[in-house]
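Single-letter residue listing:
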Amino acid sequence: MDNINISLVPFIVRTTIYLVCFAATMYGLSSVNYEKFLKKGRVIPAQVLYLLVALAIAKLAGDFLLSLAFKLL
């Protein structure tokens, strides 16, 4: 039972860091006026692109923070 709890902690930490990075990325991307780069009437592809960019930046930021945190520990 203790092994399950011990192995669950890194998963929770990683998931939390990725979710925080995703929220920060979405907040940061909301200030960018990206409508200049998109075609008119293409709402769904624009939303998919926005989501994929946010996920990519959040993954990079999360990996950076995790590698920095585990290097210091």
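Here the residue index of a chain counts from 1 through its sequence in written order. Totals for whole chains, interfaces and linings use all residues, but because this is a predicted model, local features are given only for residues with pLDDT of at least 70 and pairs of side-chain atoms are given and counted only at 80 or more. Neither water nor hydrogens contribute to the side-chain values; these are computed over all heavy atoms in the structure.

## Considerations on a nonpolar patch on the surface
Thought 1: On the surface, V43, I44, V48, L51, L52 and L55 cluster together into a nonpolar patch covering about 550 Å² of accessible area.
Thought 2: Here a helix means four or more residues in a row that DSSP labels H or I, a strand means two or more in a row labelled E, and each is numbered from the N terminus. Structurally, L51 is set in helix α2 (residues 43-72).
Thought 3: L51 gets classed as partly exposed once you look at its relative accessible area, which sits at 40%. Here a patch means residues that are over 30% exposed by relative accessible area and free of salt bridges, tied together within 9 Å if like-charged and within 5 Å if nonpolar (Val, Leu, Ile, Met, Phe, Trp, Tyr). Method for areas: the Shrake-Rupley scheme with a 1.4 Å probe, in which residue coverage is limited to the protein chains shown. By convention in these notes, a salt bridge is any Lys or Arg side-chain nitrogen within 4 Å of a carboxyl oxygen on Asp or Glu. Each residue gets one of three labels from its accessible area relative to the maximum for its type: buried under 20%, exposed over 50%, partly exposed in between, using a 1.4 Å probe on protein chains only.

## Some words on the layout of surface pockets
Thought 1: The definitions used throughout rest on a 1 Å grid laid over the protein atoms alone, on which a cavity is an enclosed set of points accommodating a 1.4 Å probe that cannot get out and a pocket is an open set flanked by protein within 12 Å on both sides along at least five of seven lines; lining residues are those having an atom within 4 Å of a point. Grid points are joined across faces, edges and corners, and a volume is the space filled by probe spheres set on the points. The calculated volume of the largest pocket comes to roughly 160 Å³.
Thought 2: Along its surface, the largest pocket is lined by L29, V32, Y34, F37, L38, A46, L49, Y50 and V53.
Thought 3: With four residues, α2 is the largest single contributor of residues to the lining of the largest pocket.
Thought 4: Ten residues, namely Ala, Val, Leu, Ile, Met, Phe, Trp, Tyr, Cys and Pro, are considered nonpolar, four, namely Asp, Glu, Lys and Arg, are considered charged, and the remaining ones, Gly among them, are considered polar. Among the residues forming the lining of the largest pocket, the class breakdown is nine nonpolar, no polar and no charged.

## Section: the environment of L55
Thought 1: Relative to the assigned elements, L55 resides in helix α2.
Thought 2: Separated by 48 residues in sequence, L55 and S7 have C-alpha atoms that sit 25 Å apart.

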